[in-house]
Amino acid sequence: MTVLSIQGLKGGYSEVNILNGIDLAIEEGEILTVAGTNGAGKSTLAKAVVGLLPRVSGTVTLNSKDVTSLAPEKRAQNGIGYVPQVSNVFPSLTIIENLEVVEGVKDRRSRIAEMFRLFPALAERKRARAGRLSGGERQQLAYARALMTRPSVVVLDEPTAALSPALVAESFGRIASLAHDGTSVLLIEQRARQALAISNRGAIMDGGRVVLEGPAVDLLNNEKAAALYLGHST
Ligand SMILES: Nc1ncnc2c1ncn2[C@@H]1O[C@H](COP(=O)(O)OP(=O)(O)OP(=O)(O)O)[C@@H](O)[C@H]1O
Ligand SMILES: [Mg+2]
């Protein structure tokens, strides 16, 4: 079943289009990596999907429902989770408070317990203010906040960017198991090779368009994609 479908998506922050017509779809439990050069429009695509881009045309469909005209909170209620490139946690609130204030959560206590099981580092410091966390811990908290509502798809914008090399593999492992449990993932990543290695499909953006798209293994084996967009292999 298609969980998220993006059709003919155009738009930007002012009258200038940053997105020039994007078509993408993600099936249930599938990971789609979106890679591409700096400024290609990856974060702008994420914002358009979650409802934060000021001006868009085209359609975003979630579980067969057209959500294009819905505000971000409504899209979240309909099952879109989002972890932005710059993590949005409340720095003056503690870890546990950051989880308590997420809106639209039904079984809050058990969800918080589940998040602490998934992110043991957060459990250990649950009374610490988010402003005192390391970049990696803050990213985990943003991620946990996004998962509180049991989204059917999560949009992760460079989730490994702030992490030490040791934590990167752990983070990709967590994303893979999330998808294994049925959550679809739109994964925006600079570490394109590692991201594609856990993905079903991949798309490469350049200049606000998808210039290459297909099964992740095909992109990894595509010499043109490798040379232009995937960087070195380590
Ligand atoms: N808030 C904004 N207002 C106006 N223009 C913006 C804004 N945010 C991004 N842009 C512009 O939109 C274009 C695409 O930016 P975007 O952040 O989507 O790229 P990206 O692919 O996510 O890049 P990166 O890999 O550096 O994160 C860039 O030209 C950028 O300058
Ligand atoms: Mg970006």
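The structure under discussion appears in the preceding block.
Note that the structure is predicted; figures quoted are calculated from it, not measured. Just so you know, the residues in each chain are numbered from 1, in the order the chain's sequence is written. In the order they appear in the text, chains get letters beginning with A and ligands get numbers beginning with 1. With pLDDT at 70 or above as the cut-off, local features in this predicted model cover only qualifying residues; side-chain atom pairs require 80 or more to be listed or tallied, and sums for whole chains, interfaces and linings still use all residues. Side-chain measures were taken over the full set of non-hydrogen atoms in the model, leaving aside hydrogen atoms and water.

Participant: Just to check I follow, could you spell out the pairing of strand β6 (residues 80-83) for this structure?
Facilitator: In regular strands, side chains alternate between the two faces of the sheet. Under the scheme applied here, a residue whose accessible area is under 20% of the maximum for its type counts as buried, over 50% as exposed, and between as partly exposed, the area being computed with a 1.4 Å probe on protein chains only. Only DSSP runs of H or I reaching four residues or more are called helices, and only runs of E reaching two or more are called strands; each is numbered from the N terminus. Alternating residues of β6 divide into Ile80 and Tyr82 and Gly81 and Val83, and every residue in both groups is buried. The pairing criterion for strands is at least two bridges between them, as found by DSSP. Strand direction decides the pairing type here: β6 and strand β7 (residues 153-157), joined by 4 bridges, are parallel. Counterpart to Tyr82 in the pairing with β7 is Val155.

Participant: Please explain the coordination of the magnesium ion (ligand 2) as it appears in this structure.
Facilitator: Water is absent from the atoms considered, so a metal site may look incomplete; donors are defined as N, O and S atoms within 2.8 Å of the metal, or 3.2 Å for Na, K and Ca. Within the first shell, the magnesium ion (ligand 2) binds the protein through Ser43 (OG) and Gln85 (OE1), at distances of 2.0 to 2.3 Å. Taken together, the positions of Ser43 in helix α1 (residues 42-50) and Gln85 in the loop between β6 and α3 (95-100) put the pair 42 residues apart, joining distant regions of the chain.

Participant: Explain the pairing of strand β1 (residues 2-12) here, please?
Facilitator: Alignment of β1 against strand β2 (residues 19-27), held across 7 bridges, turns out to be antiparallel. In the strand pairing of β2, Ser5 is matched with Ala25. The antiparallel pairing of β1 with β2 creates a hairpin that spans 6 residues between the two strands.

Participant: What's the story with the site of ligand 1 in this structure? I'm lost.
Facilitator: Consider each residue's heavy atoms; a residue with any of them within 4 Å of a molecule or strand counts as near. Lining the immediate environment of ligand 1, one finds 13 residues, of which Gly39, Lys42, Ser43, Thr44 and Gln190 sit closest. Polar contacts here mean pairs of N or O atoms no more than 3.5 Å apart (in protein, one a potential hydrogen donor and the other a potential acceptor; neighbouring residues in sequence count only if both atoms are side-chain atoms). Note that an oxygen atom of ligand 1 is positioned 2.9 Å from one of the backbone N or O atoms of Gly39. Contact between ligand 1 and Thr44: an oxygen atom at 2.5 Å from a side-chain N or O atom of the residue. Classification convention: Asp, Glu, Lys, Arg as charged; Ala, Val, Leu, Ile, Met, Phe, Trp, Tyr, Cys, Pro as nonpolar; all other residues, Gly among them, as polar. For the shell around ligand 1, the residue count by class is 3 nonpolar, 8 polar and 2 charged.

Participant: Sorry, what's going on with the sheet that holds strand β5 (residues 65-66) here?
Facilitator: Hydrogen bonding along the main chain pairs the strands of a sheet, whether they run parallel or antiparallel. The 4 strands lie next to each other as β2-β1-β4-β5, forming an open sheet whose pairing is antiparallel. Two strands in the sheet have a free side with no partner beyond their single neighbour: β2 and β5. As judged from the 2 bridges shared by strand β4 (residues 55-62) and β5, these two strands associate in the antiparallel manner. Bridge pairing in β5 places Thr61 opposite Asp66.

Participant: Got a minute to help me understand the pattern of salt bridges in this structure?
Facilitator: Side chains that differ in sign of charge can pair as their charged atoms come close. Salt bridge, as applied in this entry: a Lys or Arg side-chain nitrogen positioned within 4 Å of an Asp or Glu carboxyl oxygen. Per the counting criterion, the structure on display carries 5 salt bridges. Linking Arg117 and Glu114 is a salt bridge whose minimum nitrogen-to-oxygen distance equals 2.9 Å. Here Arg117 and its partner Glu114 are both found in helix α4 (residues 108-118), 3 residues apart, which amounts to about one turn of the helix. For Glu213, the salt bridge identified is with Arg201, shortest N-O distance 3.2 Å. Of the two residues, Glu213 is situated in strand β10 (residues 209-215) and Arg201 in strand β9 (residues 201-206); the sequence distance between them amounts to 12 residues. By relative accessible area, Glu213 is classed as partly exposed at 39%.

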